[in-house]
Structures are given as structure tokens and as C-alpha cells.
Amino acid sequence: ESSRALRHISTMSLQQEKPKKRKVDEAETDVKEEKGIAGGDEEESPVLKNDDGDSFFELSAKRRCTVRKFKNQVLIDIREVYDKDGKTLPGKKGISLTKDQYETLRDLVLKGHIDKEIEAL
């Protein structure tokens, strides 16, 4: 009985785990299809402008990345949005990165470090 359990444990550690599949939000794929993002053959810039004149990029139906200035500092804002009275407004859930923080994150992505860690999961 115990030797059978040991064999099971040792074979479990030798087996590779199947890669986990990410759940894809239907609204996220709809936005990508509408914008032509999935194919990567974009000719037109995906940048849009909000009511304040700030540039933003739709990440999904309820998330966007906005580039804005606040107190004379450039911020890259990744945030959920919601609709109220026909306007799309920023929600509480999100993060504002300074230009330096954004550049650090961008470099990690471009050098493949984040993808490598994702694949290791």
C-alpha cells in the first residue's frame, strides 16, 4: 500500500502539467474583433479620445488604458469603466502608473520576462 503511494507520487512529479487555459471574456473578444486587434493587421491607430481629451485604448468592453496628465505628471491609467447617463466614466478598480513605472513594465514585457513567467504557470 505505501510503496504504491510512493510510486504514484514519484510518477506525479515526473509528469508535466498541461498548460492552463485563460478564460476569455466574451466582451473582450468582441472588442478585439471590432477593432481588428486579433489579426494584428492594423493600419488605423487604435487610439481614441475621451470627453476630457485624454487618449485611451480599449482593452475590453469594460477596461481601458488612458494616457493623461495629472498635476503636471504623465500617468498611464489602466482601469475599469462604467456607463452612467450615456457617458463612460472611470471606475475605482484600476491602477495609475507613472511614466517611469510604465517604462519598467513595458521593458519587462518587451524582454519576454512576463510571458516567461506566465508560461511557467
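Quick note: structure is the one above.
An account of the accompanying structure is given in this report.

The rules we used
- Residues numbered from 1 in each chain as written.
- Predicted model: local features only at pLDDT ≥ 70, side-chain atom pairs only at ≥ 80, totals over all residues.
- Heavy atoms only, no water.
- Helix = DSSP H or I, 4+ residues; strand = E, 2+ residues; numbered from the N terminus.
- Buried < 20%, exposed > 50% of the residue type's maximum accessible area, 1.4 Å probe, protein only.
- Lys, Arg positive; Asp, Glu negative; His and termini not counted.
- Salt bridge = Lys/Arg side-chain N within 4 Å of Asp/Glu carboxyl O.
- Contact = heavy atoms within 4.5 Å.
- Phe/Tyr/Trp six-rings, centres within 6.5 Å; stacked < 30°, edge-to-face > 60°.
- Lys NZ or Arg CZ within 6 Å of the ring centre and 35° of its normal.
- Expected span 1.5 Å × (residues − 1).

On to the side chain of R64, then. By the element assignment, R64 lies in strand β3 (residues 63–70). Within the buried set, R64 has no salt-bridge partner at all; the shortest N-O distance to an opposite charge, 4.7 Å, is to E58. Apart from residues no more than four positions distant in its own chain, R64 is found in contact with N50, F56, F57, E58, L59, D77, I78, R79, V81 and T88.

This part covers the packing of aromatic side chains. If you walk through the whole model with that rule in mind, you get 0 aromatic pairs. One residue, R64, lies across the ring of F56, its end atom 3.6 Å from the ring centre.

In this section: helix α3 (residues 99–110). Relative to the 16 Å expected for 12 residues at 1.5 Å per residue, α3 spans 16 Å between its end C-alpha atoms, a close match to the ideal helical length. Of the residues one or two after α3, G112 is the one with positive phi, at around 85°.

A few words on the pattern of salt bridges. Considering all chains together, one arrives at 6 salt bridges under this definition. A salt bridge links D83 to K62; its shortest N-O distance comes to 3.8 Å. In this pair, D83 sits in strand β4 (residues 73–84) while K62 sits in the loop between β2 (55–60) and β3, placing the two residues 21 residues apart along the sequence. For D83, a relative accessible area of 53% gives the class exposed. Judged by its relative accessible area of 45%, K62 is partly exposed. Put simply, D77 and R68 hold a salt bridge, and the shortest N to O gap is 3.8 Å. For R68, a relative accessible area of 23% gives the class partly exposed.

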